[in-house]
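Breakdown of the fold
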Amino acid sequence: MPDLEVIQLSGNTIGVEASQALAEALKSKTKLKKALLSDIFTGRLLSEIPLALKALCDAFEKVELLELDLSDNAFGPAGAQPLVDFLSNTKTLQTLRLNNNGLGLGGGAMIAQALQASADKAKAENRPSSLRTIICGRNRLEDGSSKALARAFSSHGTLEVVRMPQNGIRPDGIRTIVEGLRDCKNLRHLDLQDNTFTVKGSKALAEALPSWPQLEILNVSDCLLSKKGGAHVFTALERGENKQLKELLLQYNEIQADGVQILAQAIKSHLNLLEKLDLNGNKFEEDHEVVEVLKEALATWDNEEALLELDEMEEIDSDEEEEEEEEESESETEETPKAETAKLEAKEEQDLVDKLSKTHI
């Protein structure tokens, strides 16, 4: 099969010997473009997986691979190391799918550093990065890997799709990642669902939105934007610099009616392409007058059906409002980390990566 372009083995279980034999065969498949290998290690020992991955990734270095999918393989941080050489050296990879791999902080930082190395080589060779899509959800990345990831995202300014849901990333990490993504001017799809923004992360998102004029899908559901955070984001949309938006997913964010009023104005003025709007689970009543205002704004563009059901709305809690005000006050008075602190964090990150790279399971 000299013309093989796609290999799909998802749902099978592959050991070391099979991986090595497969890798040997793939080295000569010069037209191979896609390797779809999600969920291929079920029932395998953790000690087997890095060896199997290494064999496969070494083979991928011999071909001009466009897409690699290793999602739903629970290889953890130890599984990140075998990917490093391939990710550092590839000149053709456009889509990387690492969803639900249990990478953790160290694995995430390792992948980020490999992507950074790839970007550095592209720059040194005076060619654009090939990378367009990164999907890396459900990996427990948290804040610890956010700086390395942000640097990598910034260096790969060609990114169009970034999806990182359910990673336990807190407001500081969100701010760092979003700031890195500001250099991705062609970003079309951003998914940070089920991480934690609060006002701090929401402000960072609001400031970044003008950097993405091609943005079509924004998913920040279950992100605790908060009343004021939501207002910051909607005010940014009202400026009219994201006119390509088609999907805006904002459920369960403690958004209140005054924020929705701003959103309605943004829709009426600029968002004529919006075809899906999810505000379910926020803090205003389904029959609040602002809902009618919102529907009228959508009707301006014949998009009345864009608003999804509002059947799980929450009640306003005055105590939570006070907590939000306190948090915003603390955020505004927070000192910028000193250079020495930043250096220490970078050193700790590198130490963790070095330690993991020497670990054999």
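We now turn to the structure provided with this report. Per chain, residues are indexed from 1 in the order of the written sequence. Per-residue local features are limited, in this predicted model, to residues with pLDDT of at least 70; the limit for side-chain atom pairs, both in listing and counting, is 80 or more; totals at the level of whole chains, interfaces and linings are taken over all residues. Just so you know, side-chain values use all the structure's heavy atoms and leave hydrogens and water out.

**Remarks on the overall build of the chain**
Going by this rule: A run of H or I in DSSP counts as a helix once it spans at least four residues, and a run of E counts as a strand once it spans at least two, with each numbered from the N terminus. Relative accessibility decides the category of a residue: with a 1.4 Å probe and only protein chains considered, values under 20% of the type maximum give buried, values over 50% give exposed, and everything between is partly exposed. We call two residues in contact whenever any of their non-hydrogen atoms come within 4.5 Å of each other. Areas reported here follow the Shrake-Rupley algorithm with a probe of radius 1.4 Å; residue values treat only the protein chains shown as occluding.
Scanning the chain for helices and strands turns up 12 helices and 10 strands. Sorting the 361 residues of the chain into buried and exposed places 50% on the buried side. Of the contacts made within the chain by residues no fewer than 6 positions apart, 88% connect residues no fewer than 24 positions apart. Per element, the accessible surface of the chain, about 16,800 Å² overall, is 45% carbon and sulfur.

**Details of the side chain of glutamate 67**
Let me state the cut-off plainly: Polar contacts here mean pairs of N or O atoms no more than 3.5 Å apart (in protein, one a potential hydrogen donor and the other a potential acceptor; neighbouring residues in sequence count only if both atoms are side-chain atoms).
Turning to its location among the elements, glutamate 67 is positioned in strand E3 (residues 67-69). Engagement of the side chain of glutamate 67 in a polar contact is seen with the side chain of arginine 97, the distance being 2.9 Å. Excluding residues that lie within four positions of it along the chain, glutamate 67 makes contacts with Lys33, Lys34, Ala35, Leu36, Leu93, Thr95 and Arg97.

**Comments concerning the sheet that holds strand E7 (residues 189-191)**
Condition: We treat two strands as partners when DSSP finds at least two bridges between them. Axis definition: a line fit to C-alpha positions, over the contact stretch in the case of helices; interaxial angles, taken between N-to-C directions, run 0 to 180 degrees.
An order of E1-E2-E3-E4-E5-E6-E7-E8-E9-E10 is seen for the 10 strands of this open sheet, with the pairing classed as parallel. Unpaired on one side and paired on the other, strand E1 (6-8) and strand E10 (276-278) mark the two borders of the sheet. The sheet shows a mean angle of 5° between the axes of neighbouring strands, taken without regard to direction. Relative to strand E2 (residues 34-36), E1 runs parallel, the two sharing three bridges. The residue of E2 that forms the bridge with glutamine 8 is leucine 36.

**Let's talk about the packing of helix H8 (residues 227-238) against helix H9 (residues 257-269)**
Rule in force here: Note on terminology: angles under 35 degrees are roughly parallel, angles over 145 are roughly antiparallel, angles of 65 to 115 are roughly perpendicular, and the others are oblique. Here is the rule for handedness: rotate from the far helix to the near one, and if that takes an anticlockwise turn smaller than a right angle the crossing is left-handed, while a clockwise turn gives right-handed. As a working rule, the residues Ala, Val, Leu, Ile, Met, Phe, Trp, Tyr, Cys and Pro are called nonpolar, Asp, Glu, Lys and Arg charged, and the rest polar, with Gly in that last group.
Running from N to C, H8 and H9 cross one another at 10°; their axes reach a closest spacing of 8 Å. Taken together, the axis directions place H8 and H9 in an arrangement best described as roughly parallel. You can see that H8 and H9 cross each other, and the crossing is left-handed. Side by side, H8 and H9 meet where Lys227, Ala231, Phe234, Thr235, Leu237 and Glu238 of the first sit next to Asp258, Gly259, Val260, Ile262, Leu263, Gln265 and Ala266 of the second. Of the residues that constitute the contact of H8 with H9, the class distribution is seven nonpolar, three polar and three charged.

**Considering the packing of aromatic side chains**
Note the following rule: The aromatic pairing rule takes the rings of Phe, Tyr and Trp, using the six-membered ring of Trp, and pairs them if the centres are within 6.5 Å, calling planes under 30 degrees apart stacked, those over 60 edge-to-face and the rest tilted.
Following the criterion strictly, the structure yields one aromatic pair and no others. Geometrically, the ring pair formed by phenylalanine 60 and phenylalanine 86 is edge-to-face, given 6.1 Å between the ring centres and 65° between the ring planes. You can see phenylalanine 60 sitting in helix H2 (residues 49-60) and its partner phenylalanine 86 sitting in helix H3 (residues 84-89), a full 26 residues away along the chain.

**Quick look at unusual backbone geometry**
One non-glycine residue with positive phi stands out, namely arginine 140, at about 55°. By the secondary structure assignment, arginine 140 is in the loop between strand E5 (133-135) and helix H5 (146-155). Of the residues examined, arginine 140 reaches a relative accessible area of 51% and is grouped as exposed.

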